[in-house]
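# A look at the structure
Here is how the chains run, residue by residue.
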Amino acid sequence: MPQGGTFDAVFSLEAALGVSWPHIRRAHQRTQKLHTALSSTIEPLGREDASIVVFGSLGRFEVTSESDIDWTYLIDGQADLRHQATALQV
């Protein structure tokens, strides 16, 4: 999972302007924690021909206390019952 490196520019701008954006920082920190937790849970389910993709606030690194997890399971090739079992585990 990506680590949201694009926020480096946002945080550099924050510093350059001498302002504080605590809500953006908190959302980014929440997202990083959730990405880490999901990665450790989902990695063992990984397959070469499929990917679990997150989007919405989690994909944008904007997780708040009200966020849910929007995800999809992309299969590159012929789907089989193991894919269904993995999706149900997720």
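Overview of the structure. In this text the structure is predicted, and so the values were computed from the model without any measurement.

Conventions we followed
- Residues numbered from 1 in each chain as written.
- Predicted model: local features only at pLDDT ≥ 70, side-chain atom pairs only at ≥ 80, totals over all residues.
- Heavy atoms only, no water.
- Phe/Tyr/Trp six-rings, centres within 6.5 Å; stacked < 30°, edge-to-face > 60°.
- Helix = DSSP H or I, 4+ residues; strand = E, 2+ residues; numbered from the N terminus.
- Buried < 20%, exposed > 50% of the residue type's maximum accessible area, 1.4 Å probe, protein only.
- Polar contact = N/O pair within 3.5 Å; in protein donor to acceptor, adjacent residues only side chain to side chain.
- Core = buried A, V, L, I, M, F, W, Y, C linked by side-chain atoms within 4.5 Å.
- Contact = heavy atoms within 4.5 Å.
- Axes fitted to C-alpha atoms, helices over the stretch in contact; angles between N-to-C directions.
- Parallel < 35°, antiparallel > 145°, perpendicular 65-115°, else oblique.
- Left-handed = near helix turned anticlockwise from the far one by under 90°.
- Nonpolar A, V, L, I, M, F, W, Y, C, P; charged D, E, K, R; others polar.
- Patch = residues over 30% accessible without salt bridge, like charges linked within 9 Å, V, L, I, M, F, W, Y side chains within 5 Å.
- Areas by Shrake-Rupley, 256 points an atom, 1.4 Å probe, with all protein chains shown as cover.
- Salt bridge = Lys/Arg side-chain N within 4 Å of Asp/Glu carboxyl O.

## Points about the packing of aromatic side chains
The geometry of an aromatic ring pair is captured by two quantities: the separation of the ring centres and the angle between the planes. Using the criterion set out here, one finds two aromatic pairs in the structure. Between F7 and F11, the aromatic rings sit 5.9 Å apart at their centres with planes inclined by 40°, giving tilted as the arrangement. Placement of both F7 and F11 in helix 1 (residues 7-17) is noted, with a separation of four residues, approximately one turn of the helix. Relative accessible area serves as the criterion here: at 13%, F7 is assigned to the buried category.

## A closer look at unusual backbone geometry
A positive phi angle, close to 60°, is found at F61, a residue other than glycine. Inspection of the secondary structure puts F61 in the loop between strand 1 (50-55) and strand 2 (70-75). The exposure class assigned to F61 is buried, which follows from its relative accessible area of 5%.

## A look at the side chain of H83
Tracing the sequence through the fold places H83 in helix 3 (residues 81-89). Reaching out from H83, the side chain makes a polar contact with the backbone nitrogen of D80 at a distance of 3.0 Å.

## Here's the deal with the nonpolar core
Listed in full, the five residues of the largest apolar core are L38, I42, V54, L58 and V63. Residues in contact with L58, not counting those within four places in the same chain, are T31, L34, H35, L38, V63 and I69.

## Comments concerning the packing of helix 1 against helix 2 (residues 22-42)
Relative to each other, helix 1 and helix 2 sit at 155°, their axes nearing to 11 Å. As summarised for this structure, helix 1 and helix 2 are arranged roughly antiparallel, according to the angle between their axes. Crossing of helix 1 against helix 2: the hand is left-handed. Contacts between helix 1 and helix 2 involve F7, V10, F11 and E14 on the former and, on the latter, I24, R25 and H28. Considering only residue class, the contact of helix 1 with helix 2 consists of four nonpolar, one polar and two charged.

## So, a nonpolar patch on the surface
On the surface, a cluster of nonpolar side chains totalling about 260 Å² of accessible area is made up of L13, L17 and V19. For L17, the position within the fold is in helix 1.

## Focus: the pattern of salt bridges
Under the criterion given, the structure shown has five salt bridges. The closest approach of N and O atoms between R47 and D80, which form a salt bridge, is 3.7 Å. Of the two residues, R47 is situated in the loop between helix 2 and strand 1 and D80 in the loop between strand 2 and helix 3; the sequence distance between them amounts to 33 residues. A salt bridge links R82 to D80, with the nearest nitrogen and oxygen atoms 3.0 Å apart.

## Re the environment of A87
Within the secondary structure, A87 is located in helix 3. Measuring from C-alpha to C-alpha, the distance between A87 and I69 comes to 14 Å, with 18 residues separating the pair along the chain.

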